[in-house]
Amino acid sequence: MKMLNVGFYNYVPKDKITAIVKYDTAPIKRLVGEAKDRGFAINACNGKPTCSVIFTTSDYIVLSSMERKTLVRRVENDE
């Protein structure tokens, strides 16, 4: 199973990722708030500001302090 490093030695299985989006829009922030309320948000930011949100096939979302472009490049390059 290939894993994506989302920062601070936190990993997400690449085959479970459905989308990687920027955190800076109101609809995404609303979705993150709803996921937190339901207990479906995983914060992998380690105290840093959230930059991107990773949606998974299991309805969990992962918050990352890494830029979206960096995460997408890692997925594409099989890092």
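In this text the structure is predicted, and so the values were computed from the model without any measurement.

Participant: Tell me what's going on with the nonpolar core, and back it up with residues and numbers.
Facilitator: The biggest cluster of nonpolar side chains holds ten residues, and these are Leu 4, Val 6, Val 12, Ile 17, Ile 20, Ala 44, Ile 54, Val 62, Met 66 and Leu 71. Where this core is concerned, the elements lending two or more residues are strand 1 (3–7) and strand 3 (17–22). Excluding residues that lie within four positions of it along the chain, Ile 54 makes contacts with Val 6, Ile 17, Ala 19, Ile 20, Tyr 60, Ile 61, Val 62 and Leu 71. Listed in part, the eight residues of the second largest apolar core include Ile 28, Ala 35, Phe 55 and Leu 63.

Participant: Can you lay out helix 1 (residues 26–38) for me, pointing to particular residues and giving the numbers?
Facilitator: With 13 residues, helix 1 should reach 18 Å at 1.5 Å per residue; the first-to-last C-alpha distance of 19 Å fits that figure. Within helix 1 the residues assigned to the buried category are Ile 28, Val 32 and Ala 35. Seen end-on, helix 1 carries its buried residues on one side only, within an arc spanning 65°. In this structure, helix 1 carries Arg 30, Asp 37 and Arg 38 as exposed residues pointing more than 90 degrees from its buried face. One or two residues past the end of helix 1 sits Gly 39, with phi positive at roughly 80°.

Participant: Go over the packing of aromatic side chains, please, and point to the residues and values.
Facilitator: In this structure the tally under the stated criterion is one aromatic pair. Here Phe 40 and Tyr 60 contribute two aromatic rings whose centre-to-centre distance is 4.8 Å and whose plane-to-plane angle is 45°, an arrangement assigned as tilted. Taken together, the residues Phe 40 in the loop between helix 1 and strand 4 (41–43) and Tyr 60 in the loop between strand 5 (52–56) and strand 6 (61–64) connect sequence positions 20 residues apart. Using a relative accessible area of 25% as the deciding quantity, one classes Phe 40 as partly exposed. Note on Tyr 60: relative accessible area 33%, which makes it partly exposed.

What counts, and at which threshold
- Residues numbered from 1 in each chain as written.
- Predicted model: local features only at pLDDT ≥ 70, side-chain atom pairs only at ≥ 80, totals over all residues.
- Heavy atoms only, no water.
- Core = buried A, V, L, I, M, F, W, Y, C linked by side-chain atoms within 4.5 Å.
- Buried < 20%, exposed > 50% of the residue type's maximum accessible area, 1.4 Å probe, protein only.
- Helix = DSSP H or I, 4+ residues; strand = E, 2+ residues; numbered from the N terminus.
- Contact = heavy atoms within 4.5 Å.
- Expected span 1.5 Å × (residues − 1).
- Arc of directions from axis to C-beta.
- Phe/Tyr/Trp six-rings, centres within 6.5 Å; stacked < 30°, edge-to-face > 60°.

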